[in-house]
Amino acid sequence: MSTKDILEIPYGTKDILPGEARAKRIMEDKIAANFTAWGYDEVATPTFEYLETFSSCVGNVTEESIKFFDRNNRTLILRSDMTTPLARMVATRLKDGDRIKRLSYIANIFRHEETQAGRQCEFGQAGVELMGAVEPEADAEVIALAITSLKKAGLDNFVVSLGHIDFLTGLMEAADLSEDTAEELKKLVLQHDAVGLEKLVDSLTMAVALKKIFKKLLFLHGGEELLKELLTTVQNEKSVSALRNLAAIYELAKAYKVEQYIRFDLSLIRDFDYYTGMVFEVYTAGMGFPICGGGRYDNMMESFGTPSPATGFAMGIDRIMLVLERQNHFSIASDWDVFVAWDKKCSQKAIAKTLALRQEGKTVKLAVEYLTEAEAVKEQKLSACKSLVYVED
Amino acid sequence: MLTNSEYITIALPKGKLFARSVELLSKVGYSAENVVEDSRKLVISNEETKVRFIITKTVDLPTYVEYGAADIGIIGKDVLLEEDKDVYELLDLKFGKCRLMLAVPEQKRREKLTDYAHLRVATKYPHSAETYFKKLGIQTEIIKLNGSIELAPIVGLSELIVDIVETGTTLRENKLSEVDVVYHATARLIANRVSFKLKFDRLNKLVEDLKKVIDEENK
């Protein structure tokens, strides 16, 4: 191997440098503390699992998954999300006990992605899953938790787009689309291709009112008034109950005092096939991709033999850090309070002094070699310490 | 530079779509002084209407929008299909009509598409060409070129070409015959997915206004 090869790192990975890593840790601690404050128990799962675990749920294993073999030639996968391992864990290890489960995690996820700002092949996620409840109270709780956690992380300027899978499903059922057409339509909605969608809808036969809604679908953004308006125009039961569900979640969000962050977006269906109810994504200026996303997935637990409704979210740690940096809220915290240097033969005394300072809660760097006072001043600056204590006889 | 929330940043493509894009946007109140293709200024702002223009190379435009360096942009559907970026496609602007064609030297024309077995195809659009042939189940060797595609079959670099055609004159002049249309394309209004949510009211109005202008003109 040449030196050049030794120094390379794989595509889509990155080093986190001093300062950055410290700021990341501080931010993660704040988020984790908030999860705990809301009654969520932190868990950890293996970094890699059997492929079958992940492929038991639709849309989970794709070309983006990173796969390899164990020594018995069973296929392993680096976890491509945390929801699946958590569902597996609950089904196998936490079956008994309270029906309502609140779990949280902060972990690295692996996916082959075309690397871009804030989109790496290995990236950090912090998230929660709330299992066992179908009520809008559960959905409102996870949305409010996502919002407060983002605020704790240091963000304030963001928008939560809230939608519901059943709104579109209801429309498609009402239009009586073939399976292929439904797939094509969903794909166009996902890509947000208004031109393609209009063309497709024009080529189909369905009620005029329905056509009109489909063509407007990608522009159905708004506040409470949008829900009211849609309730007067949409007829089918499924879409109507989706709208009512969203209205109920919104009322609860008001009680959490977070409704000002929420906007409805009825075209939001998210990338995963497994969502079954409300879905949401969080956006902020300075980042071209969502920084947080989640929703209700009531069918997934069934694939692990323990049917249970569930709702949750995951937020991208790296993306949030990037946003904070770009919005200038992010100071790289690489400095220390005190540099302790010592005169000849005074190193033991210096150790005692250092311990005392650390006891007071100061961050302290202790010189590892004898320095003159002049050298100590220089070293203090080089090592990013705010003040100097010089220990002598 | 990232887009400031007060401003709408619009990316305009250099080349044949440029003039008409500027004209259309100015009709709906989005204009600035000196928006010209060879502008020395990289960013042209209109402080009053809070609009900013950036002028980019055609193939780079979707990237600017995908990253959110521009909120919206105008670009040909051919470039969108080729670059395959994560951007929202809001409106068909109905100008810049062209088609991506599969063409072959007249004397080598065969009866059916499937009569072309393993072949070499020269194109500026490797991604689109590959998708097209994959769908047909035809194996090909795609040769990416950056211009003068018609030259390739003449000098024996490839048997077929896949290229953008507006009128078909260039093909005829080079004795190439059109075999099949890969797709038709026009100019599209695209948006960054986050900008679309954060600046929805302004962008939604822009789409509505543009729609009116286009419908009026195409009556």
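Residues numbered from 1 in each chain as written. Chains lettered and ligands numbered in written order. Predicted model: local features only at pLDDT ≥ 70, side-chain atom pairs only at ≥ 80, totals over all residues. Heavy atoms only, no water.

> What exactly am I supposed to notice about the sheet that holds strand β14 (residues 364-366) of chain A here?
Backbone hydrogen bonds hold the strands of a sheet together, and the pairing may be parallel or antiparallel. Residue and element names in this part refer to chain A. Spatially, β14-β13-β15 is the arrangement adopted by the three strands of the open sheet, whose pairing is parallel. Every other strand in the sheet has two partners, leaving β14 and β15 (385-391) as the edge strands with one partner each. Taken pair by pair, the neighbouring strands of this sheet meet at an average axis angle of 25°, ignoring direction. Sheet analysis places strand β13 (residues 336-342) next to β14, joined by three bridges and oriented parallel. Bridging across to β14, F339 finds its partner in K365. Where helix α13 (residues 347-359) meets the sheet, its contacts fall on β13, β14 and β15, and the angle it forms with β14 comes to roughly 170°. (Pairing = 2+ DSSP bridges. Helix = DSSP H or I, 4+ residues; strand = E, 2+ residues; numbered from the N terminus. Axes fitted to C-alpha atoms, helices over the stretch in contact; angles between N-to-C directions. Contact = heavy atoms within 4.5 Å.)

> So what exactly am I meant to see when it comes to the nonpolar core here?
In globular proteins that are soluble, nonpolar side chains generally tend to be buried together. Residues F167(A), F214(A), L266(A), F280(A), F313(A) and L93(B) are the most contacted members of the largest nonpolar core, which totals 135 residues. Those residues in contact with L93(B) that lie beyond four places of it in its chain are L24(B), I74(B), A187(B), R188(B), L189(B), L210(B) and I214(B). Grouped together as the second largest cluster of nonpolar side chains are 17 residues, V104(B), V121(B), Y125(B) and A129(B) included. (Core = buried A, V, L, I, M, F, W, Y, C linked by side-chain atoms within 4.5 Å. Buried < 20%, exposed > 50% of the residue type's maximum accessible area, 1.4 Å probe, protein only.)

> Would you explain the interface of chain A and chain B in this entry?
The parts lose accessible area when they come together, and the size of an interface is often stated as this lost area. Contact residues are listed per partner, giving 30 residues for chain A and 24 residues for chain B. Buried surface at the junction of chain A and chain B, both sides included, amounts to about 2200 Å², of which 56% is carbon and sulfur. Among the residues chain A hides against chain B, the three largest losses belong to H192(A), V195(A) and F219(A). Together they make up 26% of the total. Remark: the boundary between chain A and chain B carries five salt bridges. Here D265(A) ties to K197(B) by a salt bridge, and the two come within 2.5 Å at their closest N and O atoms. Between the two partners, chain A and chain B, sit four residue pairs in polar contact (both at pLDDT 80 or more). Across the side of chain A that touches chain B, the residue classes break down as twelve nonpolar, nine polar and nine charged. (Buried area = accessible area lost by both parts, 1.4 Å probe. Salt bridge = Lys/Arg side-chain N within 4 Å of Asp/Glu carboxyl O. Polar contact = N/O pair within 3.5 Å; in protein donor to acceptor, adjacent residues only side chain to side chain. Nonpolar A, V, L, I, M, F, W, Y, C, P; charged D, E, K, R; others polar.)

> Explain the packing of aromatic side chains here, please?
Aromatic ring pairs are reported here in terms of the distance separating the ring centres and the angle at which the planes meet. All told, the structure shown has twelve aromatic pairs over all chains when counted by the stated rule. Pairing F158(A) with Y261(A) gives two aromatic rings, centres 4.7 Å apart and planes at 15°, and the pair type is stacked. With a gap of 103 residues between them, F158(A) in strand β7 (residues 158-164) and Y261(A) in the loop between α11 (237-255) and β9 (262-265) connect regions that are remote in the sequence. Accessibility classification places F158(A) together with Y261(A) in one group, the buried group. Where F280(A) meets F313(A), the ring centres are 6.4 Å apart and the plane angle is 65°; that geometry is what we call edge-to-face. With a gap of 33 residues between them, F280(A) in strand β10 (residues 278-284) and F313(A) in strand β12 (residues 310-316) connect regions that are remote in the sequence. Using a relative accessible area of 0% as the deciding quantity, one classes F280(A) as buried. By the ring-pair criterion, three or more aromatic residues cluster together here, those being F219(A), Y88(B), F196(B) and F200(B). Looking at R22(A), its charged tip hangs above the ring of W336(A), at a distance of 4.6 Å from the centre. Seen from the ring of W336(A), K365(A) lies directly overhead, with NZ or CZ sitting 4.2 Å from the centre. (Phe/Tyr/Trp six-rings, centres within 6.5 Å; stacked < 30°, edge-to-face > 60°. Lys NZ or Arg CZ within 6 Å of the ring centre and 35° of its normal.)

> Which parts of the structure should I look at to understand the layout of surface pockets?
A probe as big as a water molecule, rolled over the atoms, marks out the empty space that is left. All names here are of chain B. By volume, the second largest pocket is sized at about 580 Å³. Residue lining of the second largest pocket: 26 residues in total, with T58, V59, V79, K124 and Y125 positioned closest to the centre. Of all elements in the fold, only α3 (77-83) and β9 (160-165) reach the threshold of two or more residues within the lining of the second largest pocket. Here the residues of the lining of the second largest pocket are counted per class, giving ten nonpolar, six polar and ten charged. (1 Å grid on protein atoms, 1.4 Å probe; cavity = no way out; pocket = protein on both sides within 12 Å on 5 of 7 lines; lining within 4 Å. Points joined across faces, edges and corners; volume = space filled by probe spheres on them.)

> Explain the environment of Y64(B) here, please?
Residue and element names in this part refer to chain B. Of note, Y64 is situated in helix α2 (residues 61-67). Note: C-alpha distance between Y64 and D163 (99 residues apart in sequence) is 25 Å. Here Y64 is in contact with I54, T56, A69 and A70, once residues within four sequence places are set aside.

> Got a minute to help me understand empty space enclosed by the protein in this structure?
By the definition in use, this model includes one cavity of 30 Å³ or more. By volume, the largest cavity is sized at about 30 Å³. In terms of lining, the largest cavity is formed by V159(A), S161(A), H221(A), R263(A) and K197(B). Across the lining of the largest cavity, the residue classes tally to one nonpolar, two polar and two charged.

> Any chance you could explain the sheet that holds strand β4 (residues 72-76) of chain B here in plain terms?
Reading across the sheet, the six strands line up as β2-β3-β1-β4-β11-β5 (chain B) and stay open at both edges, with mixed pairing between neighbours. Lying at the two open borders of the sheet, with one neighbouring strand each, are β2 (43-46) and β5 (88-92) of chain B. Strand-to-strand, the axes of this sheet are offset by a mean angle of 25°, without reference to chain direction. Here β4(B) runs beside strand β11 (residues 187-191) of chain B; their pairing, made up of five bridges, is antiparallel. The residue of β11(B) that forms the bridge with G73(B) is I190(B). Helix α8 (residues 194-202) of chain A rests against β5 and β11 of chain B of the sheet, and its axis sits at about 60° to β5(B). Contacting β1 (8-13), β3 (51-56), β4, β5 and β11 of chain B, helix α8 (residues 200-217) of chain B runs over the sheet at an angle of about 25° to β5(B).

> Please clarify how the pairing of β9(A) should be interpreted in this entry.
Where a strand is regular, its side chains alternate between the two sheet faces. Residues and elements named next belong to chain A. The pairing of β7 with β9 spans three bridges and is parallel. Bridge pairing links L162 to F264 in β9. In this structure, strand β8 (residues 221-222) lies alongside β9, joined through two bridges in antiparallel fashion. Bridge pairing in β9 links G222 to F264.

> Sorry if this is basic, but what is going on with the pattern of salt bridges here?
A side chain with one charge can pair with a side chain of the opposite charge if their charged atoms come near. Scanning the model with the defined rule gives 34 salt bridges over all chains in all. Put simply, E360(A) and K362(A) hold a salt bridge, and the shortest N to O gap is 3.6 Å. The closest approach of N and O atoms between E89(B) and R188(B), which form a salt bridge, is 2.7 Å. With E89(B) in strand β5 and R188(B) in strand β11, this residue pair connects regions lying 99 residues apart in the sequence. The class for E89(B) is buried, based on a relative accessible area of 6%. The class for R188(B) is buried, based on a relative accessible area of 3%. Sharing partners across several salt bridges, the network here consists of D193(A), K77(B), E89(B), D92(B) and R188(B).

> Got a minute to help me understand the packing of helix α7 (residues 179-191) of chain A against α8(A) in this structure?
Two quantities define a packed helix pair, namely the angle between the axes and the distance from one axis to the other. Residue and element names in this part refer to chain A. Where α7 meets α8, the axes come as close as 8 Å, and the angle between the chain directions of the two elements is 155°. Classified by the interaxial angle, the pair formed by α7 and α8 is roughly antiparallel. Considering only the axes of α7 and α8, their crossing is left-handed. Counted together, T181, E184, L185, L188 and V189 of α7 and G196, L197 and L200 of α8 form the full contact between these two elements. (Parallel < 35°, antiparallel > 145°, perpendicular 65-115°, else oblique. Left-handed = near helix turned anticlockwise from the far one by under 90°.)

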